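# Observations on the model geometry
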Amino acid sequence: MAANKKILVLPGDGIGPEVMGQVRRVVDWFARHRAVGFDLQEGLCGGAALDRHGVPLTDETMADAMNADAVLFGSVGGPKWDDLPFEKKPERGLLRLRKEMELFANLRPAVVFDPLVGASSLKPEIVRGLDILIIRELTGGVYFGEPRGIETLPDGTKRGFDTQVYTTPEIERVAAVAFDLAKKRRNKVTSVEKANVMHSGVLWRQTVAALHAAKFKDVELSHMYADNCAMQLVRWPKQFDVIVTDNLFGDMLSDCAAMLTGSLGMLPSASLGAPDATGRRKALYEPVHGSAPDIAGKGIANPLAELMSYSMMLRYSFDLAEDADLVDRAIGKVLADGVRTADIAEPGSTTVSTSQMGDAILGALDRLGR
Ligand code: IPM
Ligand code: MG
């Protein structure tokens, strides 16, 4: 059982603490009614850590993350910290966690709940039944490549530069995750890069193709340029099953895919490391939405992406598929009942606050799962 597994909770900034507050209520519900108990520890990350400690993530919190069985993350950043030097920005806290925990595989499922078909900006027939999984490489590429910086040229003008770089092992390990997961789904992988203009893209395509030929011939593989993929995602997203792509393209394409589901407030994610000798993977779970400073503090944020991130944690870190299913069914039930936060509101639905959405979820859990 999950008893005594350690979870580090990092609510972060903006709407992070608001949505996490509702998820904590659900975590308590599972401890009381399903004997799914965790040792929860809470820490600071991002602007919250900067304000208290002067850094976006302390070494102590980093160590806590390394020792935890899973990290449940909110969101970081906000206008208050926008003018800080690069290395102090709240986002560096999150990037440090991803890098030092070696969370190279970021799973971002985009699933359209049937009652929300009308909340998407696309036509119902385009998104109904949609279920795709974007796997974003998370510890390499232009996010971390060296050299990077801004330098002043002899004539006084400046030059900003970043490096896009991938090695074959980095590509292979994330592609293997994509092939493995596709086998449990519709058995189709689309590998996305810009092999028409980037050397790292050429290597990406060659490496994925070679791995496929060597180990995953039974999975259907196709290759696509990233710009075309963005277009195809809004043209006919149901052509995709699993998309595997690099750090930067994955960042952009997952925001795009999120909107297919009606709102950025509906997309969870799991970031996984390599399994150790015991099969355990380091893992961090976070919603794809950011800290949303424009609505922070108003109590109207949608807690469902954070809640689905908790559900992914139950599924991927603790093998509690039944309990994860229960969370997902409670969400489906509440949406079917027309309960909506403002971001997914539709004519005829009841618009509720963040905590009222939490109430509705707990009510649904009471009915479905005790
Ligand atoms: C995401 C976010 C982050 C990223 C930011 C907050 C650093 O946009 O997780 O998609 O760019 O990776
Ligand atoms: Mg992003």
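Bear in mind that the values here come from a model prediction, so they are computed numbers and not experimental data.

## Quick notes on helix α9 (residues 247-260)
Taking 1.5 Å of rise per residue, the 14 residues of α9 would be expected to cover 20 Å, and the 20 Å separating its terminal C-alpha atoms lies within 8% of that figure. Listed in full, the buried residues belonging to α9 are Asn247, Phe249, Gly250, Leu253, Ser254, Ala257, Ala258 and Leu260. Buried residues of α9 fall within an arc of 160° about the axis and therefore sit on the same side. Against the buried residues of α9 lie β4 (105-111), α5 (124-127), β5 (131-137), β8 (188-193), α8 (226-235) and β10 (242-245). Among the residues of α9, the N-terminal cap falls to aspartate 246, whose side-chain oxygen and the backbone nitrogen of leucine 248 are separated by 3.1 Å. Once α9 ends, the next one or two residues include glycine 262, with phi positive near 110°.

## Considerations on the domain arrangement of the chain
Parsing the chain into structural domains produces domain 1 (1-104 + 273-370) and domain 2 (117-130 + 138-264). Computed over C-alpha atoms only, the centres of domain 1 and domain 2 are separated by 24 Å. A combined buried area of about 1,400 Å² lies between domain 1 and domain 2, and 62% of that area is made up of carbon and sulfur atoms. Where domain 1 meets domain 2, there are one salt bridge. The closest approach of N and O atoms between glutamate 102 and arginine 173, which form a salt bridge, is 3.6 Å. On the surface where domain 1 and domain 2 come into contact, there are three residue pairs in polar contact (both at pLDDT 80 or more). When residues of the side of domain 1 that touches domain 2 are assigned to their parent elements, the largest contribution, four residues, is made by helix α4 (residues 90-100). When the residues that make up the side of domain 1 that touches domain 2 are grouped by side-chain class, the tally is eight nonpolar, one polar and six charged.

## Re the site of ligand 1
In the vicinity of ligand 1, the residues found are Glu91, Arg98, Arg108, Arg136, Tyr143 and Asp251. Here an oxygen atom of ligand 1 and a side-chain polar atom of tyrosine 143 are 2.6 Å apart. Side-chain polar atom of aspartate 251 to an oxygen atom of ligand 1: 2.8 Å apart, as the coordinates give it. Burial of ligand 1 by the protein amounts to 77% of the accessible area it has alone, namely 320 Å². Among the residues making up the shell around ligand 1, the classes are represented as one nonpolar, no polar and five charged.

## Comments concerning the pairing of strand β1 (residues 5-12)
In terms of burial, β1 is a largely internal element, six of the eight residues being buried. Looking at chain direction, β1 and strand β2 (residues 38-42) are connected through five bridges and run parallel. Bridging across to β2, isoleucine 7 finds its partner in leucine 40. Chirality of the crossover, the property in question, places the unit of β1, helix α1 (residues 16-33) and β2 among those that are right-handed.

## Some points on the pairing of strand β9 (residues 220-225)
Note: β8 against β9, six bridges, orientation parallel. Bridged to valine 192 within β9 is methionine 224.

## A look at the sheet that holds β10
Spatially, the ten strands line up as an open sheet ordered β2-β1-β3-β12-β11-β4-β5-β10-β8-β9, and their pairing is mixed. One side of each edge strand has no neighbouring strand; the edge strands of this open sheet are β2 and β9. Across this sheet, the average inter-strand angle for adjacent strands is 20°, counted without regard to direction. On top of the sheet, α9 reaches β4, β5, β8 and β10; it is set at about 155° to β5, its chief contact.

## Quick notes on the side chain of lysine 194
If you trace the backbone, lysine 194 turns up in the loop between β8 and α7 (199-215). The contact partners of lysine 194, leaving out residues within four places of it in the chain, are Gly201, Tyr225, Ala226, Asp227 and Phe249.

## Observations concerning the packing of aromatic side chains
All chains considered together, the criterion is met by five aromatic pairs. On the basis of an interplanar angle of 70° and a centroid distance of 5.1 Å, the ring pair of tryptophan 29 and phenylalanine 30 is categorised as edge-to-face. Given the relative accessible area of 0%, phenylalanine 30 is considered buried. Ring plane angle 70° and centroid distance 6.0 Å describe the contact between phenylalanine 30 and tyrosine 310, whose orientation is recorded as edge-to-face. Taken together, the residues phenylalanine 30 in helix α1 and tyrosine 310 in helix α10 (residues 304-316) connect sequence positions 280 residues apart. Tyrosine 310 gets classed as buried once you look at its relative accessible area, which sits at 0%. Site record: aromatic cluster; members linked through ring pairs are Trp29, Phe30 and Tyr310.

What counts and how
Residues numbered from 1 in each chain as written. Chains lettered and ligands numbered in written order. Predicted model: local features only at pLDDT ≥ 70, side-chain atom pairs only at ≥ 80, totals over all residues. Heavy atoms only, no water. Helix = DSSP H or I, 4+ residues; strand = E, 2+ residues; numbered from the N terminus. Expected span 1.5 Å × (residues − 1). Buried < 20%, exposed > 50% of the residue type's maximum accessible area, 1.4 Å probe, protein only. Arc of directions from axis to C-beta. Contact = heavy atoms within 4.5 Å. Polar contact = N/O pair within 3.5 Å; in protein donor to acceptor, adjacent residues only side chain to side chain. Domains from an automatic or database assignment. Buried area = accessible area lost by both parts, 1.4 Å probe. Salt bridge = Lys/Arg side-chain N within 4 Å of Asp/Glu carboxyl O. Nonpolar A, V, L, I, M, F, W, Y, C, P; charged D, E, K, R; others polar. Near = heavy atom within 4 Å. Areas by Shrake-Rupley, 256 points an atom, 1.4 Å probe, with all protein chains shown as cover. Pairing = 2+ DSSP bridges. Right-handed = clockwise from strand over helix to strand, strands pointing away. Axes fitted to C-alpha atoms, helices over the stretch in contact; angles between N-to-C directions. Phe/Tyr/Trp six-rings, centres within 6.5 Å; stacked < 30°, edge-to-face > 60°.

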